[in-house]
Amino acid sequence: MAVLYVTETLLYSCFSFLMGAFILQLIPSHKKPSILIRERWLYVAIAGIAVFAFTPVAVLIMELSKGTDLASITQLVIFSFTIGKAWAFTFAVAVFFALYLFTFPVLADKRFVIGALIFTIVLIFSISWSSHAASLTEWNGFLYHSVHFTAVSIWIGILIAAGWFAKDHSNWLSFLKWFSPVAVICFSFTIISGFFMMAVIMDVRDYISSWSLNYGQSLLIKHLLLLPILLFAFINSFSIKKRLQKQKEFDPRPWMKAESIVLLFIFVTTAFLGQQEPPHASSGSDYSPLFAYFYNGNIPMFGWSSMSLLFSITAVLFFALCLWSYTKKAVGITFILSMLLVFSVYMALITGLH
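As a further point, take the packing of helix 14 (residues 306-327) against helix 15 (residues 331-350). Between helix 14 and helix 15, the least distance of the axes is 8 Å, while the angle of their chain directions is 165°. Relative to helix 15, helix 14 is oriented roughly antiparallel. Relative to helix 15, the crossing made by helix 14 is left-handed. In this structure, helix 14 contributes S308, F311, S312, T314, A315, F318, F319, L321, C322, S325 and Y326 to the contact, and helix 15 contributes I333, T334, L337, S338, L340, L341, S344, V345, M347 and A348. Looking at side-chain class alone, the contact of helix 14 with helix 15 contains 14 nonpolar, seven polar and no charged residues.

Quick look at the structure:
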């Protein structure tokens, strides 16, 4: 299971890297910092998608074969199971994608970037084909997952490319002028599609009661990680814009890196989420170990308690400290405080259960 979590996180990261690299290729040079992305990194990301997407297929093959008749079980899974057929299609597209990059100078000629983006989106559709949401509905779940995955990949992909591969911070104000609205649009699509996807997988009214399961715990933590995302998005989109207008020597790249790391944490929780039984498939008696550590009883309901109020006040203080540490240009401290903010809100919610 640990291998599944790691490979799925890397899978999402590969998609984001490709999306960010190609989108920034379309942006005029005076509207972005100098970005250095080597062609071999693109091949590594494409190969990563083909390999990492195979991990859940390999796990299923091993579970069904139990060490015997491996060849026939492999053939059965790849050609009969949705997850296997989706991977076979993903692998074929990845091969053609690599051949496309080998044939055309994508990083040197913008005319070929659109084709690379189309390949990336087709691969996103392929991964969405075998998702939880897609398996429960004919088309809605597939559509919601595809939109969700695409929006997140665009958002974090640009963050990764600008934060980690920019050689300098020139033209950063021009970069923020177009990236800030793009980030807002991507965030909006992420929230809306995420809600509809959640509604496909579970009854939204059972959201709190699902916290007793691993699925519900990971979903809750994923949602709470949106708090530091919103904090860093505000810093990177608005506060840094004002600071750059006054201090042109200010380097915003560390703050972009911090936001991208929080988004990678969301990838980790998403990877864990994707391997858990959703509420409709669970017996309801298998409590999450994390949940059982704090709470032991019937299906929970939320209500304010003295402890939850105390942790809520603590969360407000951590939020204020995050803003204070930003004024001191302390990226690492702001990041740590944002994680403590998430922990405080989590404890406020858990201690309010009764």
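Picking up after the structure, the text goes on.
Tracing the backbone through its elements, the reader meets R253 in helix 12 (residues 253-274). What makes R253 buried here is its relative accessible area of 18%. Those residues in contact with R253 that sit more than four places away from it in its chain are A162, G163, A166, K167, D168, H169 and W172.

Here the focus is the environment of I261. Following the sequence through the fold, I261 ends up in helix 12. For I261 and I185, which are 76 residues apart along the polypeptide, the C-alpha to C-alpha distance reads 20 Å.

If you walk through the whole model with that rule in mind, you get one cavity of 30 Å³ or more. Its volume calculated, the largest cavity comes out at about 30 Å³. What lines the largest cavity is simply W155, L176, F179, S180, A183, A233, N236, S237 and E259. Sorting elements by how many residues they give to the lining of the largest cavity places helix 9 (residues 172-201) first, with four residues. The residue inventory of the lining of the largest cavity, partitioned by class, reads five nonpolar, three polar and one charged.

Let us look at the packing of aromatic side chains. Following the criterion strictly, the structure yields 26 aromatic pairs and no others. Arranged with centres 5.6 Å apart and planes meeting at 85°, the rings of W155 and F187 form a pair that is edge-to-face. Here W155, found in helix 8 (residues 140-164), pairs with F187, found in helix 9; they are 32 residues apart in sequence, far enough to count as distant. Lying across the ring of F250, R243 places its NZ or CZ 5.0 Å from the centre. Between the NZ or CZ atom of K257 and the centre of the ring of W164, over which it lies, the distance is 4.9 Å.

What counts and what doesn't
Residues numbered from 1 in each chain as written. Predicted model: local features only at pLDDT ≥ 70, side-chain atom pairs only at ≥ 80, totals over all residues. Heavy atoms only, no water. Axes fitted to C-alpha atoms, helices over the stretch in contact; angles between N-to-C directions. Helix = DSSP H or I, 4+ residues; strand = E, 2+ residues; numbered from the N terminus. Parallel < 35°, antiparallel > 145°, perpendicular 65-115°, else oblique. Left-handed = near helix turned anticlockwise from the far one by under 90°. Contact = heavy atoms within 4.5 Å. Nonpolar A, V, L, I, M, F, W, Y, C, P; charged D, E, K, R; others polar. Buried < 20%, exposed > 50% of the residue type's maximum accessible area, 1.4 Å probe, protein only. 1 Å grid on protein atoms, 1.4 Å probe; cavity = no way out; pocket = protein on both sides within 12 Å on 5 of 7 lines; lining within 4 Å. Points joined across faces, edges and corners; volume = space filled by probe spheres on them. Phe/Tyr/Trp six-rings, centres within 6.5 Å; stacked < 30°, edge-to-face > 60°. Lys NZ or Arg CZ within 6 Å of the ring centre and 35° of its normal.

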